[in-house]
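# Structural description and commentary
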Amino acid sequence: FSYSHVVMQNEPVVEERRLLFRGFIPFRYHRAMLPLSADGQAVTHVMVYVAPGPWWAKRPQDLRHRRD
């Protein structure tokens, strides 16, 4: 959806996303998608920047779900 929006609307998209891995705590990241054009009109490329959200895990075991 985000890629299509950038290309069709010729507008940047900035969003926060979450990945869920089975057996692991969710991982958050921020993504910016910017439309680029070779001719100044139609979108010919999309530049994507991804940055992880705040990192709180100090060791790999911290990523596992705790069963309290």
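Structure: above.
An account of the accompanying structure is given in this report.

Conventions we followed
- Residues numbered from 1 in each chain as written.
- Predicted model: local features only at pLDDT ≥ 70, side-chain atom pairs only at ≥ 80, totals over all residues.
- Heavy atoms only, no water.
- Helix = DSSP H or I, 4+ residues; strand = E, 2+ residues; numbered from the N terminus.
- Polar contact = N/O pair within 3.5 Å; in protein donor to acceptor, adjacent residues only side chain to side chain.
- Contact = heavy atoms within 4.5 Å.
- Patch = residues over 30% accessible without salt bridge, like charges linked within 9 Å, V, L, I, M, F, W, Y side chains within 5 Å.
- Areas by Shrake-Rupley, 256 points an atom, 1.4 Å probe, with all protein chains shown as cover.
- Salt bridge = Lys/Arg side-chain N within 4 Å of Asp/Glu carboxyl O.
- Buried < 20%, exposed > 50% of the residue type's maximum accessible area, 1.4 Å probe, protein only.

### Here we look at the side chain of Arg31
- Mapped onto the elements of the fold, Arg31 is located in strand β2 (residues 27-36).
- Among the polar contacts made by the side chain of Arg31, one reaches the side chain of Glu15 at a distance of 2.4 Å.
- Setting aside residues no more than four positions away along its own chain, Arg31 makes contact with Ser2, Val13, Val14, Glu15, Arg17, Val48, Tyr49 and Val50.

### Describing a nonpolar patch on the surface
- On the surface, a cluster of nonpolar side chains totalling about 240 Å² of accessible area is made up of Leu34, Leu36 and Met47.
- The residue Leu34 is located in strand β2 in this model.
- Look at Leu34 and you get partly exposed, because its relative accessible area is 32%.

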